[in-house]
Amino acid sequence: MTAFPVGTILGYPRIGPRRELKKAVEAFWAGRIDQQELERTAAELRAKTRDRLAARGLGRADSAIPESFSFYDHVLDAAVTVGAIPERFEDLRDADGSIGLAAAFTIARGEGERAPLEMTKWFDSNYHYLVPEIGPQTSFSLSSERLVREVEEARAAGFVTRPVLVGPVTLLALAKAADGAPEGFDPLTRLDDLLPVYGELLARLRAAGAEWVQLDEPALVSESLPAAPTILGAAASRAYAALGSATDRPSIFVAAPYASLGENLAVLATAPIEAIGLDLVRGEVPAAVPGLAEKTLVGGVVDGHNIWRGDLAGAFARLEALRELGAAAVSASTSTSLLHVPHDVDDESKLDARLVSWLAFADQKVAQVVTLAQGLVEGRGAIAAELDAASTALADRLGAPGVRDGSVRERTAALTAEDFSRGDYETRVAAQEAALDLPSLPLTTIGSFPQTGEIRRARARYLRDEVTKEDYEDFLREEIRRVIDLQEDLGLDVLVHGEPERNDMVQYFAEHLDGFDVTEHGWVQSYGSRATRPSILWGDVSRPAPITVDWSAYAQSLTAKPVKGMLTGPVTILAWSFVRDDQPLAETANQVALALRDEIADLEAAGIGVIQVDEPALRELLPLKKDDQPAYLRWSVDSFRLATAGAAPATQVHTHLCYSEFGVVIDAIRALDADVTSIEAARSRMEVVADIAGSGFDHGIGPGVYDIHSPRVPSADEVEALLRRAVAEIPERQLWVNPDCGLKTRGYEETNASLRNIVEATRRVRAEVPAAV
């Protein structure tokens, strides 16, 4: 057996420093390049990644470099590899039964009447994965050898890399029952049928030159999945007893990121595997358990979730404590894959140099791992200078101007219970009905309209000082007028201004709030080819001036129909930023909430009677451990209520949640006390309405009828069927009609067609609603 590398990472960003993969994939979808050119671009990106990691100190021949590339999503990759695809896509297989790249894209994005796989959040991150569909009849077989080919590709270039794949327990634990499966069917019951395919893949990887394989099993740390930790532990025991007993395989490294393994450490310690990865950023150094003497413990001490340089001396101390557990060896690693952080802070030419000294993006985190690995081999003294430099930077960060603002802290300290309560809901409903006079099943959208190439070019020209501020704002006003006219023509009831002035729903606010900075190239994959640039929340937050008021007021001046003011909520601003880690999140959330409260007051003063405060990340930040969840739900709900509680009764407050597993946080959503909540429901074919109906939820609710993450245009009949299912289970007086999410990523042709079909479907259902309720 080849020793595990003393320093490694669990994964690396795969989109490219300048989003090269995104651009190539979208060019392929648009027909501008063929698959051969796409494959060539991807191969070049993988080669550059290997060279980049080797240049930063990871070994070329010791399996330290992970082979973690994906064209779209690593969960989809695992499902495709083992042939676990829904029956509606079976005809996409090649003649030999394999599933090619074009077929995988179709499964991800849908086609015609074939709906794509459902999408949801990957544990407590802002990454979205595709949910496998598995039933009693799903036939598992090795259907893709792409990972094998990538190992061979690396070997030909002189690298011995470590292939990375979602482990069998996590793959099944994250899956949903396929259409037609018996009620209550659990995909985890198919584990014994799946394991031979994993065994076959391990043998192929070994033959290709892999000496180690990394199987990611984050399900083993979670207490938020349908299966209990003990059930998942028993499944892992069975899975790794089988895989570990195979004679023709690489050494097995099971990584368990995102939280503490807890009692499941003992399960892996007694399994016939060679290495175990522990998240020591979200979890603590565990107590010793039997079996560790034969294992390598891989300590995830460098934060893969966030971008702070952090306490490197503390990280090394945790590795030293890990050694005391009696393991055969200890290695240094990141806590998670680095797919959650940007590539390289050295690319940021516009950030303040002092702020840069506090930061570590993916490449800097690789260097930190290499430093810690050197310390494990040569002793603490060999890396004393690096540890001291990190400690100095941390101290400088904590004492820098703006990190603590006395006036902000005085305001949060003065909050009382009344600041978090808006009053009786029924009183608000009566006031809003009188003020708005909306029809049954009111039609609206979530906020953004397509960000066209023309909009992006105009913004880029403005940022390069090629056009004046006045000319740019004239362009934006004309775009807003066009969007308002379009919605009037479509027949929507509550309009939006379309957000042409916004580059991103969080970054736009970060650019206007004190305590934030934004990056030039800090792109992070969100899902598929989509990436965001999370802002950096480094200090106390306040609002120096109104942010959205002028644009909303202008839009309202163009129509007699109500126009929604559009804000991003405090939890989502935190979740989709790289947030400071030197104080509790609750304190930071309240600071952001007060800034939004001031914005809402100014919107009301400008005549805006409907205000949406989006919280799509509410479920995302829910801790994976049940004991930690009540405190999170308390402060997250409180921050939303703090932001909105100052609104007048006649002001209708909306919120929006997407891909957030409504049923999991139904009590928290009710506690938000928003007048109307819109949620994702189309991709899951309105499954969520059962949770809504069963919960007794009595506020306004808009289950989405148009999946905007797919290029498909839903027909009027399809939308009508979704609406009828909603009307059958939820009182008509509560229901709103809307897409799943904002329309920013879609084109106008598909947007117009989809919205017209939604309007037509709503017209049909409205005609029968009085007889149905």
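Residues numbered from 1 in each chain as written. Predicted model: local features only at pLDDT ≥ 70, side-chain atom pairs only at ≥ 80, totals over all residues. Heavy atoms only, no water.

As annotated in an unreviewed UniProt entry, the chain is 5-methyltetrahydropteroyltriglutamate--homocysteine methyltransferase from Microbacterium resistens. Check the Function (unreviewed entry) section of the UniProt entry for the chain; it says "Catalyzes the transfer of a methyl group from 5-methyltetrahydrofolate to homocysteine resulting in methionine formation." Looking at the Pathway (unreviewed entry) heading of the UniProt record, one finds this comment for the chain: "Amino-acid biosynthesis; L-methionine biosynthesis via de novo pathway; L-methionine from L-homocysteine (MetE route): step 1/1." (UniProt positions renumbered as here; feature names shortened; annotations may be inferred.)

**Q** Would you mind going over the UniProt feature "binding site: Zn(2+)" (unreviewed entry) in the chain with me for this structure?
**A** Look at the UniProt record and you will see "binding site: Zn(2+)" (unreviewed entry) annotated at H656, C658, E680 and C741. On the basis of their most widely separated C-alpha atoms, the annotated residues across 86 residues gather in one place, lying no more than 8.7 Å apart. Mapped onto the elements, C658 comes out in the loop between strand 19 (652-657) and helix 23 (666-672). Look at C658 and you get buried, because its relative accessible area is 5%. Excluding residues within four positions of it along the chain, C658 makes contact with P616, E680, D740 and C741. Relative to the helices and strands, E680 is located in the loop between strand 20 (676-679) and helix 24 (688-695). Given the relative accessible area of 10%, E680 is considered buried. (Helix = DSSP H or I, 4+ residues; strand = E, 2+ residues; numbered from the N terminus. Buried < 20%, exposed > 50% of the residue type's maximum accessible area, 1.4 Å probe, protein only. Contact = heavy atoms within 4.5 Å.)

**Q** Mind showing me how you'd approach a negative patch on the surface here?
**A** On the surface, D424, E426, E433 and D698 cluster together into a negatively charged patch. Among the secondary structure elements, E426 is positioned in helix 15 (residues 425-436). (Patch = residues over 30% accessible without salt bridge, like charges linked within 9 Å, V, L, I, M, F, W, Y side chains within 5 Å. Areas by Shrake-Rupley, 256 points an atom, 1.4 Å probe, with all protein chains shown as cover. Salt bridge = Lys/Arg side-chain N within 4 Å of Asp/Glu carboxyl O. Lys, Arg positive; Asp, Glu negative; His and termini not counted. Charge placed at Lys NZ, Arg CZ, Asp CG, Glu CD.)

**Q** Just checking my understanding: could you explain the pattern of salt bridges for this structure?
**A** Side chains carrying opposite charge are able to pair once their charged atoms draw close together. Across all of its chains, the model carries 53 salt bridges by this definition. One salt-bridge network, in which partners are shared between bridges, spans D717, E720, R724, E760, R763, R764 and E768.

**Q** So what exactly am I meant to see when it comes to helix 12 (residues 362-378) here?
**A** In a regular helix each residue adds 1.5 Å, so 17 residues correspond to 24 Å; helix 12 covers 24 Å between its end C-alpha atoms and thus fits that length. Within helix 12, 12 of the 17 residues are buried, which leaves the element mostly enclosed by the surrounding structure. At its buried positions, helix 12 is contacted by helix 2 (35-55), strand 10 (296-302), helix 10 (312-323), strand 11 (329-334) and helix 13 (384-399). Just downstream of helix 12 lies G379, where phi reads positive at about 100°. (Expected span 1.5 Å × (residues − 1).)

**Q** Please explain the packing of aromatic side chains as it appears in this structure.
**A** Under the definition given, this model contains 17 aromatic pairs. Both rings, one in Y632 and one in W635, keep their centres 5.2 Å apart while their planes meet at 90°; by these two values the pair is edge-to-face. Separated by 3 residues within a single helix, Y632 and W635 lie in helix 22 (residues 629-644), roughly one turn from each other. Like W635, Y632 is buried. Within the aromatic cluster, the residues linked to one another by ring pairs are F28, W29, F69, F71, Y72 and F105. Residue placement shows R482 over the ring face of Y748; its charged tip is 4.5 Å from the ring centre. (Phe/Tyr/Trp six-rings, centres within 6.5 Å; stacked < 30°, edge-to-face > 60°. Lys NZ or Arg CZ within 6 Å of the ring centre and 35° of its normal.)

**Q** Just checking my understanding: could you explain the side chain of T81 for this structure?
**A** Its place among the elements puts T81 in helix 3 (residues 74-81). With sequence-adjacent residues up to four places away left out, T81 is seen in contact with S141, L142, S143, S144 and L201.

**Q** Is there a simple way to think about the UniProt feature "binding site: 5-methyltetrahydropteroyltri-L-glutamate" (unreviewed entry) in the chain in this case?
**A** Taking the UniProt record as the reference, the feature "binding site: 5-methyltetrahydropteroyltri-L-glutamate" (unreviewed entry) is found at R19, E20, L21, K22, K121, W576 and E620. Taking the farthest pair of C-alpha atoms as the criterion, the annotated set spanning 602 residues is dispersed, since that pair is 27.4 Å apart. Structurally, E20 is set in helix 1 (residues 20-29). A relative accessible area of 30% places E20 in the partly exposed class. Leave out the neighbours within four places in its chain, and E20 touches I15, T41 and L45.

**Q** Explain the packing of helix 1 against helix 2 to me, please; I cannot follow it from the model alone.
**A** Two measures define how a pair of helices packs: the angle their axes make with one another and the distance between the axes. For the pair helix 1 and helix 2, interaxial distance at closest approach is 9 Å and the crossing angle is 170°. As the angle between them shows, helix 1 and helix 2 are arranged roughly antiparallel. Facing E20, L21, A24, V25 and F28 of helix 1, the residues of helix 2 in contact are Q35, L38, T41 and L45. Across the contact of helix 1 with helix 2, the residue classes break down as 6 nonpolar, 2 polar and 1 charged. (Axes fitted to C-alpha atoms, helices over the stretch in contact; angles between N-to-C directions. Parallel < 35°, antiparallel > 145°, perpendicular 65-115°, else oblique. Nonpolar A, V, L, I, M, F, W, Y, C, P; charged D, E, K, R; others polar.)

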